[in-house]
Amino acid sequence: GSGNIDVGVIKEKRKETMSTGEEDGEPLSPMARVFQLPGNDCCIITVIGCKTKINADVIRSGLNQNVFKHPRFSSKLSRDGLSWIKTQVNIEDHIFVADKDQNEIAEDGELFVEDYVSRLTMIPLDKSRPLWDIHILNVKTSDADAVCVIRSHHSLGDGTSLMSLLAACTQTTSHRDKATIPALKRRKRVYKDKVSWFVRLILAIFSSVRLIWNTFVDLVLLLAIAVFLKDTKTPLKGDVGVESSPKKLCHRTVSLDDLRVIKEAMSMTINDVLLGVTQAALSRYLNNFPGKIRLTAGVFVNLRPDKGIQPLADMMAKNSKCRWGNYFSSISFPISICLEADPLVYLSKAKSAMDRRKHSLLPALAFSSTEFIFNTFGAKLGGTLLKRLVSNTTTFISNMIGPTDEISFHGHPIVYIAPSVYGHAHALTIHFLSYAEKMVISIAVDPNVIPSPHQLCDEIEDSLKAIKAALLERGLL
C-alpha cells in the first residue's frame, strides 16, 4: 500500500470481518492443520523473474478480476484456526511494491533481491486476512528485469495446486492462449501376450507379497526416524530451532534437454536423473567430512492419479480425483554420500533406491493416516511426530512439472519460476521445476548452517556436466 495508513480503520475492518460468518466456514483438511502447527508453520515462497519491468497497477487489476474465483485465496482462518471463512479481499492489503532506486542498487540487484526475500522469511503472514501476499521488486538481476515474490501459506494448497492456479491466470507468450499444461497419465504396466496366464499369476502374487513386505519395512523405518533414528550431524544438517531462523534462497537454470538426453541414455525417469545429480552434488559438497554419513532426504510424491498440472476448473470441481489442496506425501530416500570415480554410478544408485521405494504403499498410507492420528491422538502429538520426522532428517527434495511454454501474466513474460518452502525444521530444501525447456533448481538454506547456497547450485550444475561428459565419452549420447 501507499500513503498514510489509518490504524483505526484497519482495526474497525478487522472487527467487521471477525464478527461476520465466523461459524459457517469450511473445515481445514488434516494436512492443512499440519501446516498450521507451531514448528511446522510452512509457507510456500515463489520467486518469479520477469522479462520486463512490472506494472503494479496491471497486476492489481488482474488480481481483482481473479482472486474471488478462488475460495482459498479469498478466505481467512477462523479464530480457532479450524475452518476457512469466506471474506472480502482488499487487494491493496496483499500487494507490496518495494520502492528502490535502481541507481542506488547499481550492479547488486541479485543481492538486493536475496536480502529482501530472506527478510520476508522472517515476517509471518497476517492471520486476520487470506494467507497470501505478493511483493513486486522492479530490480534488474542477471537473468530478469524485475522480480515478483509470491507467498502463500502451505495450508492453502501444495505446489501442484499453485501451479494450476498460475497456469489458469496466465497466457502463453507465443499465442495468447491459456497456458499449456502437461498432464501426464500414470504409466500402466503392459505384459506381452506371449506370457502365459500362469506365469502372470505367479508374478502378480510375488509382486503383491513384495509390496506388502516393502510397505512393512518402510513403516518400521519411518517410526524409527520419528522416535530415535537421526541423520549424521553434517555441515548440511540444521540445529534445534532451525525452522524459525531466516532462510536464504537462490536458483539456477539448466537445460531440460540435457536431462532428457541423460534420461533416455540411462533408461530412467527425469526424477531419477535429478536424484542422481543431487546425490553427486551433495557428495562433492561433503567431500571433506570424515566417517560414514547417514543422510536422508524426504522426496515429495504427488498422490493425485494424474501427474503434472491439471486445469484449475477440474481441481476445483466437487469430487474431482485431482483435487485442490495438499495431496502429497514423502518417501524417506537414503542419499549415498561417497565420491564415485564414475559419475554414472550416482544415477544407477538413485534409480535402484527409487524403484524400490516406489514399490511400497507407505506414502499413501502415511497420508491417509494423518487424519486418523489427528483424530485419535490430537493435533499436538501428530505435530510432534511430524516435526521429529523432519528434524531427524536432513533435507526435502521436490520435483514439479511446470508450464511447457513460456507464459506471461497480463503482459509480463516470465523468465523463470523458482518455488521454495520455509518454516520447517531443515537447513536445506531443494526444489526442481521444469518450465519452458528449462529446469529451474531452487535452493533454500539456513545461512548459519550453509553459508553459500550458490556453492550448492554450482555443485549440482557441475555434477550434471560430469554425468553428460561421461556419457559422451562412452559414446552413449
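Scroll up to find the structure this text is about.
Since we're looking at a predicted model, the values are computed, not measured.

K.L.:
Break down the overall build of the protein chain for me, with residues and values.
P.N.:
The helix and strand inventory of the protein chain stands at 13 helices and 18 strands. Across the 477 residues that make up the protein chain, the buried fraction comes to 51%. A sequence separation of at least 24 residues applies to 79% of the contacts in the protein chain between residues at least 6 apart. Accessible surface, the protein chain as shown: approximately 23,000 Å² in total, 59% of it carbon and sulfur.

K.L.:
An account of the nonpolar core is requested, with residue identities and associated values reported.
P.N.:
Counting residues in each nonpolar core, the largest one holds 67 residues, and the members touching the most others are F73, W132, L137, Y416 and I417. When residues of this core are assigned to their parent elements, the largest contribution, seven residues, is made by strand β16 (residues 412–422). The contacts of L137, once residues within four sequence positions are left out, are A98, F112, V113, Y116, A146, V147 and V149. Ranked by size, the runner-up nonpolar core spans 52 residues in total, among them V254, L344, F396 and C457.

K.L.:
Kindly report on the sheet that holds strand β1 (residues 26–27), identifying the contributing residues and their values.
P.N.:
Strand order in this open sheet of three strands is β1-β4-β3, and the pairing throughout is antiparallel. One side of each edge strand has no neighbouring strand; the edge strands of this open sheet are β1 and β3 (75–77). The pairing of β1 with strand β4 (residues 83–86) spans two bridges and is classified as antiparallel. The residue of β4 that forms the bridge with P27 is S83.

K.L.:
An account of the pattern of salt bridges is needed here, citing residue identities and associated values.
P.N.:
What the rule picks out here adds up to 25 salt bridges. As a salt-bridge pair, D57 and R60 come within 2.8 Å of each other at their nearest N and O atoms. Of the two residues, D57 and R60 are both situated in helix α3 (residues 56–66); the distance of three residues between them amounts to about one turn of the helix. In this structure D57 comes out as exposed when scored by relative accessible area, which is 53%. Salt bridges here are not isolated pairs; linked through shared partners, they connect D57, R60 and E92.

K.L.:
So what's going on with the side chain of S283? Which residues, and what values?
P.N.:
In this fold, S283 is placed in helix α9 (residues 270–285). The buried category is assigned to S283, whose relative accessible area is 2%. Among the polar contacts listed, one links the side chain of S283 to the backbone oxygen of S336, at a separation of 3.4 Å. When residues no more than four places from it in sequence are discounted, the contact partners of S283 are S336, I337, C338, L339 and Y346.

Definitions and cut-offs
Residues numbered from 1 in each chain as written. Predicted model: local features only at pLDDT ≥ 70, side-chain atom pairs only at ≥ 80, totals over all residues. Heavy atoms only, no water. Helix = DSSP H or I, 4+ residues; strand = E, 2+ residues; numbered from the N terminus. Buried < 20%, exposed > 50% of the residue type's maximum accessible area, 1.4 Å probe, protein only. Contact = heavy atoms within 4.5 Å. Areas by Shrake-Rupley, 256 points an atom, 1.4 Å probe, with all protein chains shown as cover. Core = buried A, V, L, I, M, F, W, Y, C linked by side-chain atoms within 4.5 Å. Pairing = 2+ DSSP bridges. Salt bridge = Lys/Arg side-chain N within 4 Å of Asp/Glu carboxyl O. Polar contact = N/O pair within 3.5 Å; in protein donor to acceptor, adjacent residues only side chain to side chain.

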